Amino acid sequence: MMSTLEIWRAGRVLLFCSLGLLLVGCQQDEAQQQNGAVYCVESSPSSMNPQLYGQGTLGSSLSHQLYDRLLTVNPATQRLEGALATGWTISRDGLTYTFTLRKGVQFHRVDWFSPTRGFTAEDVLFSFNRMRIPSHPYHDISGGHYPFFDNTGVGQQIRDIRKLGDHQIQFELNAPNASFLANLASDYAVILSAEYAQELLLSGRPAQLDQLAVGTGPFMQQEFRSNEFIRLHRNPLYWDQPAALERLAFDYTPRPTKRLAKLLTGECQVMAFPAASQLDFIRKQSHLRLDEESALNTAFLALNVRKKPFDDLRVRQAIAMGINRDNLLKAVYFGTGEWANTLLPPISWAHNPNIGEYGYDPIAAKALLKKAGLEAGFEMTLWVQPANQTYNPNAQKTAQLIQSDLAKLGIEVQVAQLRGTLMQILLQEGRHDAVVMSWNADTADPDSFFRPLLSCQDSGEKGANYSRWCEPAFDRLMEQAIATTRMAQRIEAYQQMQEMVYQDVPLIPLAHSQYLYAGWKNLHNLELTPMGGISFKRAYRE
């Protein structure tokens, strides 16, 4: 529940607004009130180009307003559908993907750019070659880092991209990779205007490409002030059904209490990620609604299997049985999470529903520690980041609950908070015993969970495999799963991989979190993406 102070603050702001006091949120532009929306978000972007982002729900949301991708993910079915590509074929050897591109798509006509042509294969070539070719004139602009493509190795997967015509493009891969299509549908695989980029390059202003956006999406950029707001307006020439909203704004409001206050006063019509303690209060407001959607994320405890005593399977199993996840779901997620038996949440098409579970059983856990020669217990450190994430609402509380549970087994846990950059360095050096982590998938493909978190390749100094677990048989299954497009074979491989993780316990899945947003009841048809973004493409106000 909300604290008394939070309720008092929110109610006080609402009362002041209703009395007509001169609050900024009560003096919205009339047109914005009539046919627009303001989205209060928790973070602010450094650029307007999602290619430059790592994980982040704001980047996901911006991607769906300003840009399109070749493919898109249906939020209801998780299946891939055409967007800027109307169709595609895959060669028998799985190496060549040929896409037919949509005709009649127009790039944004804005104050800083007037296109002379529509979307063609040239724009696809530019958008992907910029990221994958180091010698490309735009590769190093804005830092030269493309986190999603660098981390997933998409650039290394592609051998060549060929333009077969204005509306046909072909990708040739180095090896079969069934996750390739899902990567093209990611929030980061946006299509930019090659004509706009060339104009900026000739005028000596290439960095403007990433600050003043030109896409093909349902909204166009109007104004961007970092750490303040982003203003967009409707794209009247959108190739799909034009948006119903004339205006859309992103308001940077990092504190959830302030976001809720702005929602109540009308300064925003949608707020991102209400705090778990606010949910009951929001549900009681007659003019608000709280939407909850399943998402592709997992919070987990990674154990460093290269350090004693975590190299002993019995110790890892004991820790898994010593954690009371029911308490964790109540105290941290407030009913907005679900028990995680595997890394893959139930929404994933490859989730294995038959995996067993390490239920809370401290007696059995103590027996395992006794067999491991650790009947008297041991000491360990548990690292956690101070910043909370949407898919782990209170990481510190999670660590404290684990600390309390393991104390009952005689395991003395020292919880240490480390800042993100320092923690990343020390994790990759393998100095940790265990760490509370959360993972949000970038695509709907299961490979986006297993490869970064458990592959041998990522278990060293550069990867995100913080358990440092390396099992060649697991990696062989992973490669088999991406080497075929036959769904039955892929599902079988991923389900075997989940069984291997359950048996060897390199990490302990804790919970899957739902994505939450609160909004006015008269704003309809918002779509949450599985990766945590929101699309206002079909939203409208009564």
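It should be noted that the structure appears before, not after, this text.
Residues numbered from 1 in each chain as written. Predicted model: local features only at pLDDT ≥ 70, side-chain atom pairs only at ≥ 80, totals over all residues. Heavy atoms only, no water.

### What about the state of the cysteines?
So, step 1. Under the criterion given, the structure shown has one disulfide.
So, step 2. Here Cys 456 pairs with Cys 470 through a disulfide, and the sulfurs are 2.0 Å apart. Its S-S torsion of approximately 100 degrees makes the covalent link between Cys 456 and Cys 470 right-handed. Separated by 14 residues along the polypeptide, Cys 456 in the loop between helix H16 (447-454) and helix H17 (472-482) and Cys 470 in the loop between H16 and H17 bring together distant segments of the chain. (Disulfide = S-S within 2.5 Å. Helix = DSSP H or I, 4+ residues; strand = E, 2+ residues; numbered from the N terminus.)

### A closer look at the sheet that holds strand S13 (residues 297-303)
So, step 1. Spatially, the six strands line up as an open sheet ordered S14-S18-S13-S17-S15-S16, and their pairing is mixed. Single-partner strands in this sheet number two, and they are strand S14 (337-339) and strand S16 (411-417). The average angle at which neighbouring strand axes cross in this sheet is 25 degrees, direction not considered.
So, step 2. As paired elements, strand S15 (residues 378-384) and strand S17 (residues 434-440) share two bridges and run parallel to each other. By the bridge assignment, Trp 383 is partnered in S17 with Val 435.
So, step 3. Packing against the sheet, helix H12 (residues 325-333) makes contact with S13, S14 and strand S18 (507-513), and its axis sits at approximately 40 degrees to S18. (Pairing = 2+ DSSP bridges. Axes fitted to C-alpha atoms, helices over the stretch in contact; angles between N-to-C directions. Contact = heavy atoms within 4.5 Å.)

### Considerations on the packing of helix H11 (residues 313-322) against helix H13 (residues 362-371)
So, step 1. Orientation of H11 relative to H13, taken along the N-to-C sense of each, is 165 degrees, at an axis distance of 8 Å. Considered as vectors, H11 and H13 are oriented roughly antiparallel to each other. Crossing of H11 against H13: the hand is left-handed. Residue-level inspection shows Arg 314, Val 315, Gln 317, Ala 318, Met 321 and Gly 322 of H11 in contact with H13, the latter providing Pro 362, Ala 364, Ala 365, Leu 368, Leu 369 and Lys 371.
So, step 2. The residue inventory of the contact of H11 with H13, partitioned by class, reads eight nonpolar, two polar and two charged. (Parallel < 35°, antiparallel > 145°, perpendicular 65-115°, else oblique. Left-handed = near helix turned anticlockwise from the far one by under 90°. Nonpolar A, V, L, I, M, F, W, Y, C, P; charged D, E, K, R; others polar.)

### Overview of the packing of aromatic side chains
So, step 1. All chains considered together, the criterion is met by 20 aromatic pairs.
So, step 2. Summarising the aromatic geometry, the rings of Phe 148 and Tyr 188 are spaced 5.3 Å apart at their centres and angled 25 degrees between planes, so their arrangement reads as stacked. One end of the pair, Phe 148, is in helix H5 (residues 147-152); the other, Tyr 188, is in the loop between helix H7 (180-184) and helix H8 (194-202), with 40 residues separating them in the sequence.
So, step 3. When the centroid spacing of 6.2 Å and the interplanar angle of 50 degrees are considered together, the rings of Phe 273 and Tyr 515 count as tilted. Of this pair, Phe 273 sits in the loop between strand S11 (270-272) and helix H10 (279-283) while Tyr 515 sits in strand S19 (residues 515-520), and the two are 242 residues apart along the sequence.
So, step 4. Phe 273 sits in the buried class, given a relative accessible area of 12%.
So, step 5. Residue Tyr 515 is classed as buried on the basis of its relative accessible area of 1%. (Phe/Tyr/Trp six-rings, centres within 6.5 Å; stacked < 30°, edge-to-face > 60°. Buried < 20%, exposed > 50% of the residue type's maximum accessible area, 1.4 Å probe, protein only.)

### A short note on the environment of Asn 35
So, step 1. Following the sequence through the fold, Asn 35 ends up in helix H2 (residues 30-35).
So, step 2. Sequence separation between Asn 35 and Phe 273 is 238 residues; the distance between their C-alpha atoms is 24 Å.
So, step 3. Aside from chain neighbours lying at most four places away, what touches Asn 35 is Arg 234, Ala 244, Leu 245, Glu 246 and Arg 247.
So, step 4. A polar side-chain atom of Asn 35 sits 3.1 Å from the main-chain carbonyl oxygen of Ala 244. (Polar contact = N/O pair within 3.5 Å; in protein donor to acceptor, adjacent residues only side chain to side chain.)

### Considerations on the pairing of S13
So, step 1. With seven of seven residues buried, S13 lies mostly within the body of the structure.
So, step 2. Neither face of S13 is exposed, since Asn 297, Ala 299, Leu 301 and Leu 303 on one face and Thr 298, Phe 300 and Ala 302 on the opposite face are all buried.
So, step 3. Pairing of S13 with S17 involves seven bridges; the strand directions are antiparallel. Bridged to Thr 298 within S17 is Trp 439.
So, step 4. Note: S13 against S18, four bridges, orientation antiparallel. Residue Ala 302 lies in a different strand from S18, and its bridge partner there is Leu 507.

### A word on the side chain of Asp 187
So, step 1. Of note, Asp 187 is situated in the loop between H7 and H8.
So, step 2. Among buried charged residues, Asp 187 stands out as having no salt bridge; its nearest opposite-charge side chain is Arg 69, 5.0 Å away.
So, step 3. In terms of polar contacts, Asp 187 uses its side chain to reach the side chain of His 64, at 2.8 Å.
So, step 4. Here Asp 187 is in contact with Pro 50, Ser 60, Ser 63, His 64, Arg 69 and Met 531, once residues within four sequence places are set aside. (Lys, Arg positive; Asp, Glu negative; His and termini not counted. Salt bridge = Lys/Arg side-chain N within 4 Å of Asp/Glu carboxyl O.)

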